[in-house]
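A structural walkthrough
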Amino acid sequence: MAKYHCPDSKTLQSLGDMANQLRIDSIRATQASNSGHPTSCASAAEIMSVLFFHQMRYSTEFPRDPASDRFVMSKGHACPILYAAWAEAGLFSVEELLNLRKLSSDLEGHPTPRLNFIDVATGSLGQGLGCAAGMAYTGKYFDKADYRVYCLIGDGESAEGSIWEALAFSSFYKLDNLVAIFDINRLGQSDPAMLQHHMDMYEARLKAFGWETYVVDGHDVEVLCKALYDASTVKGRPTCILAKTYKGRGFPDIEDMLNWHGKPLGDKADKVIAHIKENMQSQGPFDLRPQSITTSVPTVDITNIHLDKPPNYKIGEEVATRLAYGVALAKLGSNNSRVIALDGDTKNSTFSDKFKAAHPDRYIECFIAEQNLVGVAIGCATRDRTVAFCSTFAAFFSRAFDQIRMGAISQTNVNFAGSHAGVSIGEDGPSQMALEDLAMFRSVPGSTVFYPSDAVSCERAVELAANTKGVCFIRTSRPNIATIYANDETFEIGKAKVVRKSNKDHVTIIGCCVTLVEAMKAADKLAIDGVHARIIDPFTLKPLDAATILSNARETGGLIVTVEDHYEWGGLGDAVAGALSEEKDITIKKLAVKEVPRSGKPAELMEKYGISANCIVKAVHSMLKLDA
């Protein structure tokens, strides 16, 4: 690599002036919206100037060029200065900044990919670095390209554990194409940040996590230029630049003062802008422009992904859906080289180890750090570089729900597979039992929620998820389940299967996987009493096939029993009840787990918590006014 040459004095002056122009742009934008975070923008002004007008390689013609450098503003509340940087670079008019936070504008209060220069939504603090790590991992190990990833982190958000999960991950995988920049401006929202300006403590922590670390004056453009150059020469480890800054830098009577977080400057704005201009040698135009893109990336096609071989099971063969998930994932990986798998040290339980065995170079072990697991997956999937499947016990996704909901805002296409659902896992007890996961994923905007009932349907769910936009969730179960579908059965999102039917059915029972098995057993018992049950497997809970459910319910006297290995709130029963809420003469009885369960054998737990075949029989008798 060429020896470092300090920028000439004219360039340094222009970078300093650009930083001040970005401050002015941020003030004007937040004044126009009468809301926002101008002081948080001001502390990052020199960092943004040097990154966008000296260091980063990108194009305003194609902001998401897959070969360009990436930038993630983890401290998303400072987005006015990010918008200003792109405007000053020429992507759009600077005057457009005055539409900040207006309903008609995509310049929202925190960044979202509605904007063509944003890869991931930020603003829920502590999440940007995990996403950036996923981008960097993709660049180093999948694209094998030299684009770099920069992430700007606030010192306040560094209290989030997800930051430290991402730091550990990035060091472990030697992501030397990743640069984290901590904007250490000392002040949080309501109090000083934990470490304030104790730069030595930040440095010790970052070095302990295995990062190449530089402590710099974050308002010195020459020092920042040198630090970012040095970062580009580091091999075998990621780089962190710890920038000592001041909140509200350059704002008289506001700089480094509490109680100015998230407030426009009001009647102080004109005075502050005048003061900033006095410290500018030039007020533009500035002879600065983005660096040219110097790398190339392989062409990627992630459309029309299929299993390389169809399912291969025998009717009645008992196979856990979690195993079928792993088998299907490995098949997808054989069909498309951009399918990747991530797991949180549960791969021999979720069976993502099947993918690892077949495609070890495309498996990412994220260890027991589920928030980072999800963040990395979201980062890997940006710019359509990979099709990411992310698995762990379904219960453990709950700790990463914030990352998942932000993923939806980020328009991510990550696929989540959660195993060990419900009381049917048995002796491990309630801490391991996912009983709220369906409710959680159903609540995510634009999500698709699969609940396959056997190995064949699970393989097809995996295949469908790979080709479906938005967040997808595949719920898998621990017990072995009898295969009920032929290998050539066709499955569609939003299309249920009627798995048992006669012309004299009295009731419709809806179940999934383990409870579908119980429904079948119940139907056999009911038949002895002369009661005939129709049984439906919904396949997807979102979207739910309301039309099939309603038409079958009409044919069975309007009586429906739903039975689910899930809490009674937000799962199958609520999905059916919601879908049919405006229909007349429909009665729905919901069988679900209604209290925190305990350890035990799967069968006895299903009996105790009201979702066994015996419980279904009692529910049907009750609806039909028969003696149990």
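Data block above holds the structure.
Residues numbered from 1 in each chain as written. Predicted model: local features only at pLDDT ≥ 70, side-chain atom pairs only at ≥ 80, totals over all residues. Heavy atoms only, no water.

**Topic: the overall build of the protein chain**
- When helices and strands are counted, the protein chain shows 21 helices and 19 strands.
- The principal-axis extents of the C-alpha atoms in the protein chain amount to approximately 90 × 50 × 40 Å.
- Evaluated residue by residue, the protein chain yields a buried proportion of 61% over its 628 residues.
- Counting contacts in the protein chain only where the partners sit at least 6 residues apart, residues at least 24 apart contribute 79% of the total. (Helix = DSSP H or I, 4+ residues; strand = E, 2+ residues; numbered from the N terminus. Buried < 20%, exposed > 50% of the residue type's maximum accessible area, 1.4 Å probe, protein only. Contact = heavy atoms within 4.5 Å.)

**A closer look at the packing of aromatic side chains**
- Applying the stated criterion across every chain, the model contains 26 aromatic pairs.
- Ring geometry for Phe52 versus Tyr58: centroids 5.5 Å apart, planes at 70°, classification edge-to-face.
- Given the relative accessible area of 0%, Phe52 is considered buried.
- Under the relative-accessibility criterion, Tyr58 is labelled buried at 4%.
- Residue placement shows Arg70 over the ring face of Tyr147; its charged tip is 3.7 Å from the ring centre.
- When the ring centre of Tyr4 is taken as reference, the NZ or CZ atom of Lys226 above it lies at 5.6 Å. (Phe/Tyr/Trp six-rings, centres within 6.5 Å; stacked < 30°, edge-to-face > 60°. Lys NZ or Arg CZ within 6 Å of the ring centre and 35° of its normal.)

**Notes on the pattern of salt bridges**
- Inspection of the entire model under this criterion finds 31 salt bridges.
- Residue Lys207 is joined to Glu203 by a salt bridge in which the shortest nitrogen-to-oxygen separation is 3.2 Å. Of this pair, Lys207 and Glu203 both sit in helix H7 (residues 199-208), separated by 4 residues, roughly a single helical turn.
- Relative accessible area serves as the criterion here: at 47%, Lys207 is assigned to the partly exposed category.
- Classification of Glu203 by relative accessible area gives partly exposed; the value is 25%. (Salt bridge = Lys/Arg side-chain N within 4 Å of Asp/Glu carboxyl O.)

**Focus on the side chain of Asp25**
- Relative to the elements of secondary structure, Asp25 occurs in helix H1 (residues 9-33).
- Within the buried set, Asp25 has no salt-bridge partner at all; the shortest N-O distance to an opposite charge, 5.0 Å, is to Arg28.
- The contact partners of Asp25, leaving out residues within four places of it in the chain, are Ala84, Glu88, Val94 and Leu97. (Lys, Arg positive; Asp, Glu negative; His and termini not counted.)

**Description of the packing of helix H10 (residues 321-335) against helix H16 (residues 455-466)**
- With their axes 8 Å apart at the nearest point, H10 and H16 run at an angle of 45° to one another. The angle between H10 and H16 falls in the class oblique. The way H10 lies across H16 gives a crossing that is right-handed. Here Thr321, Ala324, Tyr325, Val327, Ala328, Leu329, Lys331 and Leu332 of H10 come into contact with H16, specifically with Ala455, Cys458, Glu459, Val462, Glu463 and Ala466.
- A class-by-class count of the residues in the contact of H10 with H16 yields 10 nonpolar, 1 polar and 3 charged. (Axes fitted to C-alpha atoms, helices over the stretch in contact; angles between N-to-C directions. Parallel < 35°, antiparallel > 145°, perpendicular 65-115°, else oblique. Left-handed = near helix turned anticlockwise from the far one by under 90°. Nonpolar A, V, L, I, M, F, W, Y, C, P; charged D, E, K, R; others polar.)

**Thoughts on unusual backbone geometry**
- Cis geometry marks the peptide bond from Gly284 to Pro285, where omega comes out at 0°.
- Turning to its location among the elements, Pro285 is positioned in the loop between helix H9 (269-278) and strand E6 (318-320).
- The residue after Lys542, namely Pro543, is reached through a cis peptide bond having omega -5°.
- Tracing the chain through its elements places Pro543 in the loop between strand E17 (540-542) and helix H18 (546-555).
- Phi is positive for Phe367, close to 60°, though the residue is something other than glycine.

**Comments concerning the state of the cysteines**
- Scanning the model with the defined rule gives 0 disulfides in all.
- Here Cys79 is not disulfide-linked; the sulfur of Cys41 is the nearest cysteine sulfur, at 7.0 Å.
- Here Cys380 stays unpaired: no disulfide links it, and the sulfur of Cys366, its closest cysteine neighbor, is 7.7 Å away.
- On the accessibility criterion, Cys380 (0% relative accessible area) is buried. (Disulfide = S-S within 2.5 Å.)

**A look at H18**
- Burial in H18 covers these residues: Thr548, Ile549, Leu550, Asn552 and Ala553.
- Count one or two residues on from H18 and you reach Gly557, which has phi positive near 75°.

**Regarding the nonpolar core**
- Among the nonpolar cores identified, the biggest contains 110 residues, and Leu129, Ile364, Phe416 and Ile509 are the most heavily contacted of them.
- With sequence-adjacent residues up to four places away left out, Ile509 is seen in contact with Ala519, Leu526, Ala533, Arg534, Ile535, Ile536, Val561, Val563, Ile616 and Val620.
- Counting residues in hydrophobic clusters, the runner-up holds 67 residues, among them Leu22, Leu51, Leu107 and Leu265. (Core = buried A, V, L, I, M, F, W, Y, C linked by side-chain atoms within 4.5 Å.)

**A closer look at the side chain of Arg460**
- Relative to the elements of secondary structure, Arg460 occurs in helix H16.
- When residues no more than four places from it in sequence are discounted, the contact partners of Arg460 are Leu307, Pro310, Pro311, Asn487, Glu489 and Phe491.

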